[in-house]
Amino acid sequence: ERDVLLYQEFDEFALKRLIVGQGSCHRSDVISAFRRYNPKYRRADSEQYPLADIEIERILRKWNRQFGSGSEMSSAGFFSGIT
């Protein structure tokens, strides 16, 4: 299923690119970094692999609850405890 594959790809990205336990980051920085890491998702409007920013944000929130700092995203879009 697409959601399972996306989560696995995000988890691979997070293991290599996100640091848990220090600093903070904005959701848009993580979304941009994920798109750079996975070339097939570079463009949100790709015909072959469409992926909206809100979908990446949903995966980021889920990943952060399970493996990250556990903090919720602030109203300004920041996650504390991950960089």
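Position labels on residues start from 1 in each chain and follow its written sequence. For this predicted model, a pLDDT threshold of at least 70 governs which residues receive local features, and a threshold of 80 or more governs which side-chain atom pairs are given and counted, while totals over whole chains, interfaces and linings are taken from all residues. Hydrogens and waters are ignored; side-chain quantities use all the structure's heavy atoms.

Examining the packing of helix α1 (residues 2–17) against helix α2 (residues 27–37)
The angle between two axes is taken between their N-to-C directions and runs from 0 to 180 degrees, where each axis is a line fitted to C-alpha atoms and a helix contributes only its stretch in contact. Numbering goes from the N terminus for both helices and strands, where a helix is a DSSP run of H or I of at least four residues and a strand is a run of E of at least two. Between α1 and α2, the least distance of the axes is 10 Å, while the angle of their chain directions is 105°. Compared by their axis directions, α1 and α2 come out roughly perpendicular. Note on element contacts: α2 touches α1 through V30, A33, F34, R36 and Y37, opposite E9, F10, E12, F13, K16 and R17. Classification convention: Asp, Glu, Lys, Arg as charged; Ala, Val, Leu, Ile, Met, Phe, Trp, Tyr, Cys, Pro as nonpolar; all other residues, Gly among them, as polar. Partitioning the contact of α1 with α2 into residue classes produces 6 nonpolar, no polar and 5 charged. Our angle categories are set so that under 35 degrees counts as roughly parallel, over 145 as roughly antiparallel, 65 to 115 as roughly perpendicular, and the remainder as oblique. Should any heavy atoms of two residues lie within 4.5 Å, those residues are considered in contact.

Quick notes on the environment of E9
Along the chain, the position of E9 falls in helix α1. For every residue, the accessible area obtained with a 1.4 Å probe (protein chains only) is divided by the maximum for its type, and the residue is called buried under 20%, exposed over 50%, and partly exposed between those limits. Look at E9 and you get buried, because its relative accessible area is 12%. Separated by 25 residues in the primary sequence, E9 and F34 place their C-alpha atoms 9.1 Å from one another.

Digging into the packing of aromatic side chains
To pair, rings of Phe, Tyr and Trp, with the six-membered ring standing in for Trp, must have centres within 6.5 Å; the planes then decide the type, stacked if under 30 degrees apart, edge-to-face if over 60, and tilted in the middle. Taken as a whole and judged by the stated rule, the model has 7 aromatic pairs. With centroids separated by 6.2 Å and ring planes inclined at 65°, the aromatic side chains of F10 and W63 adopt a geometry described as edge-to-face. Separated by 53 residues along the polypeptide, F10 in helix α1 and W63 in helix α3 (residues 53–66) bring together distant segments of the chain. Given a relative accessible area of 5%, W63 falls into the buried group. These aromatic residues form a ring-pair network of at least three members: F10, F13, F34, Y37, Y41, Y49 and W63. Placement of a positive charge over a ring is assigned whenever Lys NZ or Arg CZ falls within 6 Å of the ring centre and within 35 degrees of the normal to the ring plane. The cationic tip of K40 hangs over the ring face of Y49; the distance from NZ or CZ to the ring centre is 4.8 Å. The lysine or arginine in question, K62, covers the ring of Y7, its NZ or CZ lying 4.6 Å from the ring centre.

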